[in-house]
Amino acid sequence: MTEKYYETAIIIRQEELLPGINSMWIKTDKIAEVAKAGQFLNLYCKDKSRILPRPISICEIDKSDMAIRLVYRVIGEGTDEFSKLHTGDTIKVTGPLGNGFPIKQKHAIIIGGGIGIPPMLELAKTFPGEKDIVLGYSNELFLDGEFEKYGNVHIATVSGIYGTKGNVLDSIKENAISGDIIYACGPMPMLKAIKEYAESEEINIQCWLSLEERMACGIGACLGCMTKSKNKDAHTQVNNKRICTEGPVFLSKEVVM
Amino acid sequence: MNTSVNIAGVTLNNPVMTASGTFGSGMEYSQFVDLSRLGAVVTKGVAIVPWEGNPVPRIAETASGMLNAIGLQNPGLDTFIERDIPFLQKYDTKIIVNVCGHTTKEYVTAVERLNEQPVDLLEINISCPNVKKGGITFGKDPKAVEKITSTLKEVSKIPLIMKLSPNCADISEMAKAAESGGADAISLINTLTGMKIDINKRTFALANKTGGLSGPAIKPVALRMVYEAAHSVNIPVIGMGGISSAEDAIEFILAGATAVSIGTANFMNPNVTIEVIEGIEKYLKENNINDISDIRGIVE
């Protein structure tokens, strides 16, 4: 179990990348030092009528500055509150939470879809091997330019206005992308399709998926955020794994989706 | 200053414990909280065999509260006895094991097995609203409460706390039924059955459709019920329901609670239990109260 900290972080800066997609850098006391790609933070609202922390994935880590970047969708009252934070404001956070992406020395296909794109940026930045990066959007792009320095970026949009018309798998096929390992985060239908693709007989490569689910505690106590698992889990003793603790990143073959 | 309280012959260093289901067996929160500071750790409900619980989503936030429908997922007594009890024994706190079952026989078997374990108290869950068999089906009317209580009292070597549901007509009757069944203490309230609908997806927010409402939203209801229960019985009452500060905890003690449990507030602040303990100490000191029992139930 990695160390977890409950801290008061300070907003370094915040900007809107697209309407409804915000990027916020926060300065932490200890969290940034131990955090890694694929982990997440719990962010607490100041408005006490919103009692549950919001789990938000880590987009980038700057250990020299003890800073963490969070890129999130403003989707409800909690994230709306976060979007109004300014430089110098504070926010309570717990982290780093979850297990992160296991790093293997291979040729990686790093796949992000929609608001599942941000956690792939720190992975793309720190992954040591060769990498193809596939980003799927509905329409407007964000963060795509920042991936370019870390690998070959391939874009898919549903409307077809940028890159491949279709989804990330369409882009993989159109560009004949191949690799030895897949890392992916995005909406459930995309992850299911990637799992099927990676486990198919003709592809058959290791695939790591970052899942999400409604959470309460975020640290493994409440048993709110379960995914069905292929085998009996050591902690729960049933075919359920805690997404916040055993995940959010799972080997595709371990989970039933 | 004395903050210790006595429940069925077991002395807790202070009246603050955790509410079952919100704190696991303490392992996860021990990264934030020194468990030895707590009056007691009340574990997540455990049954004789592992339970899978309900489908997800199991959690939904509501105004100043949350709904849960975990469905009593638990690893079963074998794992619990092997892993969780030895873990808790490392701390200078009392161990209260919350027990659940589908049938009377399952409750009895669980209690018999726990008789041989180093635990201080058992809390019997007859109030979970999220399971089809067990839980609330044993706690929905006074007769059922009295029956399961007396049955378990016959087999238990460990003092029993009966955990009561607010989803009833008259909490005083439920409290009296537990007392006449032989309960050593009662704890209340469990969650209130509630619902949330996602208007965009046009479906229930929880896969189980309904869930248990907890958090600050339920505190006034919980406080009223704890007051009524405390005035109906002579056994200790453990108060809970939306407590998230020392002020909240003191309200429950003034209403008659011997001890208090912190549940959902752990999700709002992982250090909350310690803050509540320190806040109670400060309140006693500032008001020159030497013993916490001097203020118990004094608001008549």
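Residues numbered from 1 in each chain as written. Chains lettered and ligands numbered in written order. Predicted model: local features only at pLDDT ≥ 70, side-chain atom pairs only at ≥ 80, totals over all residues. Heavy atoms only, no water.

All right, on to the packing of helix H3 (residues 142–155) of chain B against helix H4 (residues 171–180) of chain B then. Residue and element names in this part refer to chain B. At their nearest, the axes of H3 and H4 sit 7 Å apart, and the two run at 25 degrees to each other. Judged by the inter-axis angle, H3 sits roughly parallel to H4. Of the two elements, H3 crosses H4, and the hand of that crossing is right-handed. Each of Pro142, Val145, Glu146 and Thr149 in H3 lies in contact with H4, whose residues at this interface are Glu173, Met174, Ala177, Ala178 and Ser180. Its residues assigned to classes, the contact of H3 with H4 comprises 5 nonpolar, 2 polar and 2 charged. (Axes fitted to C-alpha atoms, helices over the stretch in contact; angles between N-to-C directions. Helix = DSSP H or I, 4+ residues; strand = E, 2+ residues; numbered from the N terminus. Parallel < 35°, antiparallel > 145°, perpendicular 65-115°, else oblique. Left-handed = near helix turned anticlockwise from the far one by under 90°. Contact = heavy atoms within 4.5 Å. Nonpolar A, V, L, I, M, F, W, Y, C, P; charged D, E, K, R; others polar.)

What follows covers the sheet that holds strand S11 (residues 192–195) of chain B. All names here are of chain B. Read from one edge of the open sheet, 4 strands run S5-S6-S14-S11, paired in antiparallel fashion. A single partner strand is all that each edge strand has here, and the edge strands are strand S5 (59–62) and S11. Within the sheet, the average angular offset between the axes of one strand and its neighbour, ignoring direction, is 40 degrees. Two strands pair when backbone bridges link them, and S5 and strand S6 (residues 65–68) are joined in this way by 4 bridges, in the antiparallel orientation. From the neighbouring strand, glutamate 61 faces S6, where its bridge partner is methionine 66. (Pairing = 2+ DSSP bridges.)

With that out of the way, let us pick up the UniProt feature "domain: Dihydroorotate dehydrogenase catalytic" (unreviewed entry) in chain B. Feature annotation in UniProt places "domain: Dihydroorotate dehydrogenase catalytic" (unreviewed entry) on residues 4–284 of chain B, given in this structure's numbering. Helix makes up 31% of residues 4–284 of chain B and strand 21%, whereas the separation of the span's terminal C-alpha atoms amounts to 12 Å. (UniProt positions renumbered as here; feature names shortened; annotations may be inferred.)

Glancing now at the UniProt feature "binding site: FMN" (unreviewed entry) in chain B. Sequence positions flagged by UniProt for "binding site: FMN" (unreviewed entry) are, in local numbering, Ser20(B), Lys44(B), Gly45(B), Asn98(B), Asn125(B), Lys163(B), Ile189(B), Gly215(B), Gly241(B), Gly242(B), Gly263(B) and Thr264(B). Narrowing the list just given to those that line the largest cavity leaves Ser20(B), Lys44(B), Gly45(B), Asn98(B), Asn125(B), Lys163(B), Ile189(B), Gly215(B), Gly241(B), Gly242(B), Gly263(B) and Thr264(B). Summarising the element assignment, Lys44(B) is placed in the loop between strand S4 (40–42) and S5. On the accessibility criterion, Lys44(B) (11% relative accessible area) is buried. Filtering out sequence-adjacent residues up to four positions away, Lys44(B) remains in contact with Leu223(A), Ser20(B), Gly21(B), Gly24(B), Ile70(B), Leu72(B), Gln73(B) and Asn98(B). Residue placement: Thr264(B) occurs in the loop between strand S16 (259–262) and helix H7 (265–268). Not counting chain neighbours up to four residues away, the residues in contact with Thr264(B) comprise Ile51(A), Thr22(B), Met66(B), Ser214(B) and Gly215(B). A distance of 2.6 Å separates a polar atom in the side chain of Thr264(B) from a polar atom in the side chain of Ser214(B). (1 Å grid on protein atoms, 1.4 Å probe; cavity = no way out; pocket = protein on both sides within 12 Å on 5 of 7 lines; lining within 4 Å. Buried < 20%, exposed > 50% of the residue type's maximum accessible area, 1.4 Å probe, protein only. Polar contact = N/O pair within 3.5 Å; in protein donor to acceptor, adjacent residues only side chain to side chain.)

This paragraph deals with the pairing of strand S12 (residues 181–185) of chain A. Look at any regular strand and the pattern is simple: side chains alternate between the two faces of the sheet. Residues and elements named next belong to chain A. Within S12, 5 of the 5 residues are buried, which leaves it mostly tucked inside the rest of the structure. Neither face of S12 is open: one carries Ile181, Tyr183 and Cys185, the other Ile182 and Ala184, and all of them are buried. Of the pairings in the sheet, the one linking strand S8 (residues 108–113) to S12 comprises 5 bridges and is parallel in character. Counterpart to isoleucine 111 in the pairing with S12 is alanine 184. Pairing of S12 with strand S13 (residues 206–210), which is carried by 5 bridges, proceeds in the parallel orientation. Note on S13: the bridge partner recorded for tyrosine 183 is tryptophan 208. In the classification by handedness, the crossover that spans S12, the intervening helix H6 (residues 188–199) and the parallel S13 is right-handed. (Right-handed = clockwise from strand over helix to strand, strands pointing away.)

Residue and element names in this part refer to chain A. Pairing within the open sheet is antiparallel, and its 7 strands lie in the order S4-S3-S7-S1-S2-S6-S5. Lying at the two open borders of the sheet, with one neighbouring strand each, are strand S4 (54–57) and strand S5 (60–62). Shown here is a sheet whose adjacent strand axes are inclined to one another by a mean of 35 degrees, direction ignored. For strand S2 (residues 21–27) and strand S6 (residues 67–73), the ladder comprises 7 bridges, and the chain directions are antiparallel. In the sheet register, isoleucine 26 faces S6, and the bridge partner there is isoleucine 68. Set on the sheet, helix H3 (residues 118–126) makes contact with S4, S5 and S6; between it and S5 the angle comes to about 50 degrees.

Let us now look at empty space enclosed by the protein. This model, assessed by the stated rule, comprises 3 cavities of 30 Å³ or more. Empty space within the largest cavity amounts to approximately 490 Å³. The wall of the largest cavity is formed by 35 residues, among which Ser20(B), Thr22(B), Asn68(B), Asn190(B) and Thr191(B) lie closest to the centre. For the lining of the largest cavity, the residue count by class is 15 nonpolar, 18 polar and 2 charged. The space that makes up the second largest cavity amounts to roughly 190 Å³. Lining the second largest cavity are 18 residues, with His235(A), Gly24(B), Pro75(B), Arg83(B) and Asp84(B) sitting closest to its centre. Here the residues of the lining of the second largest cavity are counted per class, giving 6 nonpolar, 8 polar and 4 charged. (Points joined across faces, edges and corners; volume = space filled by probe spheres on them.)

The subject of this paragraph is the domain arrangement of chain A. How large an interface is tends to be reported as the accessible area lost when its parts come together. All names here are of chain A. Domains assigned within chain A are domain 1 (5–97), domain 2 (108–210) and domain 3 (213–249). Distance from the C-alpha centre of domain 1 to the C-alpha centre of domain 3: 23 Å. With 7 residues of domain 1 at the interface, the matching set in domain 3 holds 8 residues. Viewed at the interface, domain 3 and domain 1 are joined by 0 salt bridges. At the junction of domain 1 and domain 3, the tally comes to 1 residue pair in polar contact (both at pLDDT 80 or more). Looking at the side of domain 1 that touches domain 3 residue by residue, the class counts come to 5 nonpolar, 2 polar and no charged. (Domains from an automatic or database assignment. Salt bridge = Lys/Arg side-chain N within 4 Å of Asp/Glu carboxyl O.)

A word on the UniProt feature "binding site: [2Fe-2S] cluster" (unreviewed entry) in chain A. All names here are of chain A. In the numbering used here, UniProt assigns the "binding site: [2Fe-2S] cluster" (unreviewed entry) feature to Cys217, Cys222, Cys225 and Cys244. Look at the named residues: they lie 28 residues apart in sequence, but the longest C-alpha span between them is just 10.2 Å, so in the fold they bunch up. If you take the residues mentioned a moment ago, the ones lining the largest cavity come down to Cys222. Among the secondary structure elements, cysteine 222 is positioned in the loop between S13 and strand S14 (226–229). Judged by its relative accessible area of 5%, cysteine 222 is buried.

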